[in-house]
Amino acid sequence: MPALNVEFSDRELEDLRQIAKERGTSMKALVREAAAADIARHRALQEGAEAFRRFFASHADEFAAAFPDDEPAVKDEGRVG
C-alpha cells in the first residue's frame, strides 16, 4: 500500500499522541481516519455542487423569471465598440 510521510510540529505531534491515547487508537489510525473523513467530505461537496449545477441549469428559465435583476446584461450584438 502506498504511504505518505507527513511532518508535524512538536505541539501537533504531542496533541495527536494525546488524542490517539484518549481514543484508544494508534496515531497512524487517527491520522488516516482524519484524512479519509476529509476526502469523503470533499467528494460529498463536489457531488452536491454538481447536483446544484444540474438543478440550476434545468430550471434556468424559472430562476431568470424569479430574479430578473440577477440576470447578466445582454450585449447588443449589432453594435460595435
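Conventions adopted
- Within every chain, residues take consecutive numbers counted from 1 along the sequence as written.
- In keeping with the model being predicted, local features are shown solely for residues with a pLDDT of at least 70 and side-chain atom pairs are shown and tallied solely at 80 or more, while totals for entire chains, interfaces and linings include all residues.
- The basis for every side-chain value is the complete set of non-hydrogen atoms in the structure, without hydrogens or water.
- A patch consists of residues exposed above 30% relative accessible area that lack any salt bridge, with like charges linked at up to 9 Å and nonpolar side chains (Val, Leu, Ile, Met, Phe, Trp, Tyr) linked at up to 5 Å.
- The method behind every accessible area is Shrake-Rupley, applied with a 1.4 Å probe, and residues are considered shielded solely by the protein chains displayed.
- One side-chain nitrogen of Lys or Arg within 4 Å of one carboxyl oxygen of Asp or Glu is enough to make a salt bridge.
- Helix numbering and strand numbering both begin at the N terminus, where a helix is a DSSP run of H or I of at least 4 residues and a strand a DSSP run of E of at least 2.
- For every residue, the accessible area obtained with a 1.4 Å probe (protein chains only) is divided by the maximum for its type, and the residue is called buried under 20%, exposed over 50%, and partly exposed between those limits.
- A residue counts as positive if it is Lys or Arg and as negative if it is Asp or Glu; His and the chain ends are not included.
- A charged residue contributes its charge at one atom only: NZ of Lys, CZ of Arg, CG of Asp or CD of Glu.
- Only Phe, Tyr and Trp rings are paired, with Trp represented by its six-membered ring, and only when their centres lie within 6.5 Å; those with planes under 30 degrees apart are stacked, over 60 edge-to-face, the remainder tilted.

Enquirer: Residue-level account of a nonpolar patch on the surface, with values.
Expert: Taken together, the side chains of L4, V6 and F8 define a hydrophobic patch exposed on the protein surface, amounting to about 300 Å² of accessible area. By the element assignment, L4 lies in the segment before α1 (10–23). On the basis of relative accessible area, L4 is assigned to the exposed category, the value being 70%.

Enquirer: Residues and numbers for the pattern of salt bridges, please.
Expert: Throughout the structure, instances matching the rule amount to five salt bridges. As a salt-bridge pair, R11 and D15 come within 3.2 Å of each other at their nearest N and O atoms. Linking R11 with D15, this pair stays in helix α1, spanning four residues, or about one helical turn. Owing to a relative accessible area of 61%, R11 belongs among the exposed residues under this scheme. Residues participating in the shared-partner salt-bridge network are E50, R53 and R54.

Enquirer: Requested: an account of a negative patch on the surface, with residues and values cited.
Expert: On the surface, D61, E62, D69, D70 and E71 cluster together to form a negatively charged patch. Among the secondary structure elements, D69 is positioned in the segment after α3 (60–66). Note on D69: relative accessible area 78%, which makes it exposed.

Enquirer: How would you explain the packing of aromatic side chains if you had to name every residue and give the values?
Expert: Any two aromatic rings considered together are summarised by their centre-to-centre distance and by the angle between their planes. Considering all chains together, one arrives at four aromatic pairs under this definition. When the ring of F63 is compared with that of F67, the centres are 6.5 Å apart and the planes differ by 20°; the resulting orientation is stacked. According to the relative accessible area criterion, F63 is partly exposed, its value standing at 23%. Residue class for F67 comes out partly exposed when judged on its relative accessible area of 44%. Aromatic rings pair up to connect F52, F55, F56, F63 and F67 into one cluster.

Enquirer: Give a description of the environment of R32 that names residues and reports values.
Expert: Here R32 lies in helix α2 (residues 27–58). Taking the C-alpha atoms as reference points, R32 and A51, separated by 19 residues in sequence, lie 28 Å from one another.

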